[in-house]
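# Examination of the molecular architecture
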Amino acid sequence: MKQAFLLLLAFFLFSSSVSAFNFSSRGGFGFWFNGEEGGAAAVPATSQEYRALQAWKQAIMEDPSAILSSWVGPDVCSYGGVVCSQDPEGISPFPVVAGIDLNHGGLRGALVEDLSLLSHLSFLHLNSNRFSGTVPDSFRELLYLVELDLSNNQFSGGFPTPTLLIPGLLYLDLRFNSFSGEVPGELFVKELDAIFLNNNRFGGQIPMNLWASPASVITLANNNFSGSIPASFGYMGSGLREVLLLNNKLTGCVPEGLGFLDDIEVMDVSFNSLAGRLPSSLSCLSELEVLNVAHNLLSGELPELVCDLKSLLNLTVSYNFFSGFSRDCYGLFFRNVGFDFSGNCIPERNMQRPPIECMGIPRGGLSCLRIPSAKATACSGAANVGQSGRWMPGMPFTSPTPFPPRP
């Protein structure tokens, strides 16, 4: 029943041609927006939902667009930004609050514990407001919550751990706030499809189980993460398509394991302090469209196998200490692939570093325990697997070898 409710809710959210959706006139699901379902007034909602929204209204100090002027009376389905549906459990004969969308409202205030009384809440969208404080502990009680968007606000404090305890959460957006401290490893084993933490003040090391996440998008950019990129690449068959680690304080090597994220399309590790040579395992990224390693301390010759990636649309290696690239990399220009290699140490090329800067490459002795190779890398899996045939998070990565079949 819960799955059917969420599918219908998704239909409603992404349909711009209707303002309400009714699955069945005989006990099926329906959505009410601003108090109407097919022109008929919605039945007043339960008193606990009224109490929850009124308590939250009292905690909102500024409402420049007068969104909350409609938040009067017990019929919460008539409130601006509130979406109602029939009870997915079939218990209540009255409509229940299924979602709240107050994006771009300019509201200033805080979240309140009483919001947990909205027990059927499936999405909470608060993008681009001025909410502050943090996420109440009671949010763990929101059993139906799938999407939580708190981006572009003024939330602060440590990582909001109550979000880890929301059982059905699939989409977590905390970007453009002032959260700080370390990110718990539990985040990356939670069944999330999208994790947006960029543009906060998170720091410390990235948890070693980063690559164990089932998410398709992970953005940790523009924070204060330090240490190395985790060497283990998580479970084989990861569906990760986009990972953004740019503008942090990451050091060490670009790990071999990144070359075994089979479905990756966008990888950006620019504006860090990564050093050594790029691993030849990056040649395994057959779906990769954008690779950005600019503004690091990388050196050696750009591997030709990276330039041969069939799906590549943009390759940015600028402002490193690369000493050259092969003829295969020249072919990028004929493929209309964006290729920026400025600010390196490539002889007889324009827009390179002054020769004196190339005499002493920062951390140039960092070997990354790899030897440049023109041979293709085995790309069907990873060398270190557990008894289940899966990579074990935290295990050190060794040079690729022929791999066992996927389980």
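Now for a look at the structure at hand. (Residues numbered from 1 in each chain as written. Predicted model: local features only at pLDDT ≥ 70, side-chain atom pairs only at ≥ 80, totals over all residues. Heavy atoms only, no water.)

The subject of this paragraph is the overall build of the chain. Helix and strand counts for the chain come out as four helices and 26 strands. Here the chain holds 407 residues, and the buried ones make up 51% of them. Within the chain, contacts between residues separated by at least 24 positions form 52% of all contacts whose residues are at least 6 apart in sequence. (Helix = DSSP H or I, 4+ residues; strand = E, 2+ residues; numbered from the N terminus. Buried < 20%, exposed > 50% of the residue type's maximum accessible area, 1.4 Å probe, protein only. Contact = heavy atoms within 4.5 Å.)

Right, let's get into the sheet that holds strand β15 (residues 201-205). In space, the 11 strands of this open sheet follow the order β4-β7-β9-β11-β13-β15-β17-β19-β21-β23-β25, with mixed pairing throughout. Single-partner strands in this sheet number two, and they are β4 (60-62) and β25 (321-325). Ignoring strand direction, the axes of neighbouring strands in this sheet form an average angle of 20 degrees. Looking at chain direction, strand β7 (residues 108-110) and strand β9 (residues 130-133) are connected through three bridges and run parallel. Residue pairing in the sheet places G109 in a bridge with F131 of β9. (Pairing = 2+ DSSP bridges. Axes fitted to C-alpha atoms, helices over the stretch in contact; angles between N-to-C directions.)

A few words now on the pairing of strand β13 (residues 178-181). Both strand β11 (residues 154-157) and β13 contribute to a ladder of two bridges, which runs parallel. Note on β13: the bridge partner recorded for S156 is S178. One ladder, built from two bridges, connects β13 with β15; its direction is parallel. Among the inter-strand pairings, G181 is bridged to a residue of β15, identified as F202.

In this model, helix α2 (residues 47-58) (12 residues) spans 17 Å end to end at C-alpha, consistent with the 16 Å of a helix rising 1.5 Å per residue. E49, A52, L53, Q54 and W56 are the residues of α2 that are buried. Elements that come into contact with the buried residues of α2 comprise β4, β5 (82-85), β6 (96-101), β7, β8 (123-125) and β9. (Expected span 1.5 Å × (residues − 1).)

Inspection of every chain in the model, using the stated rule, returns five salt bridges. Residue E265 pairs with R241 through a salt bridge whose shortest N-O separation is 3.0 Å. Residue E265 is located in the loop between β19 (249-252) and β20 (266-268), and its partner R241 is located in the loop between β17 (224-228) and β18 (242-244); the two are separated by 24 residues in the primary sequence. The class of R241 is partly exposed, set by a relative accessible area of 38%. Where R353 meets E357, a salt bridge forms, and the shortest distance between an N and an O atom there is 3.0 Å. The network of salt bridges with common partners includes E62, R108 and R130. (Salt bridge = Lys/Arg side-chain N within 4 Å of Asp/Glu carboxyl O.)

Our focus in this paragraph is the packing of aromatic side chains. All chains considered together, the criterion is met by 13 aromatic pairs. Measuring from centroid to centroid gives 6.1 Å for F159 and F202, while their planes differ by 45 degrees, and the two rings are tilted. Placement of the pair is F159 in the loop between β11 and β12 (171-173) and F202 in strand β15, with a sequence separation of 43 residues. Taken as a pair, F159 and F202 share a single burial class, namely buried. A centroid spacing of 5.2 Å and a plane angle of 50 degrees characterise the contact between F339 and F341, whose relative ring orientation is tilted. (Phe/Tyr/Trp six-rings, centres within 6.5 Å; stacked < 30°, edge-to-face > 60°.)

Attention shifts here to the state of the cysteines. Disulfides are covalent bonds that link the sulfur atoms of two cysteine residues. All chains considered together, the criterion is met by three disulfides. The disulfide bridge from C307 ends at C329, spanning 2.0 Å between sulfur atoms. Judged by the torsion about the S-S bond (85 degrees), the C307/C329 disulfide is right-handed. Here the residue C307 occupies a position in helix α3 (residues 304-307), and C329 occupies one in helix α4 (residues 327-334), the gap between them amounting to 22 residues. We classify C307 as buried; its relative accessible area is 0%. Here C345 connects covalently by a disulfide to C358, the sulfurs 2.0 Å from one another. Disulfide C345-C358: the torsion about the S-S bond is -90 degrees, which places it as left-handed. Taken together, the positions of C345 in the segment after β26 (338-340) and C358 in the segment after β26 put the pair 13 residues apart, joining distant regions of the chain. Take C345: its relative accessible area is 14%, and that puts it in the buried class. On the accessibility criterion, C358 (22% relative accessible area) is partly exposed. (Disulfide = S-S within 2.5 Å.)

Residues Y330, F333 and F334 make up a contiguous nonpolar surface patch of roughly 350 Å² in combined accessible area. Relative to the assigned elements, Y330 resides in helix α4. (Patch = residues over 30% accessible without salt bridge, like charges linked within 9 Å, V, L, I, M, F, W, Y side chains within 5 Å. Areas by Shrake-Rupley, 256 points an atom, 1.4 Å probe, with all protein chains shown as cover.)

Looking now at unusual backbone geometry. Residues other than glycine seldom take positive phi values, yet A66 does so here, at roughly 55 degrees. Counting through the fold element by element, A66 comes out in the loop between β4 and β5. At S128, a residue that is not glycine, the phi angle is positive and equals roughly 60 degrees. For S128, the location among the structural elements is in the loop between β8 and β9.

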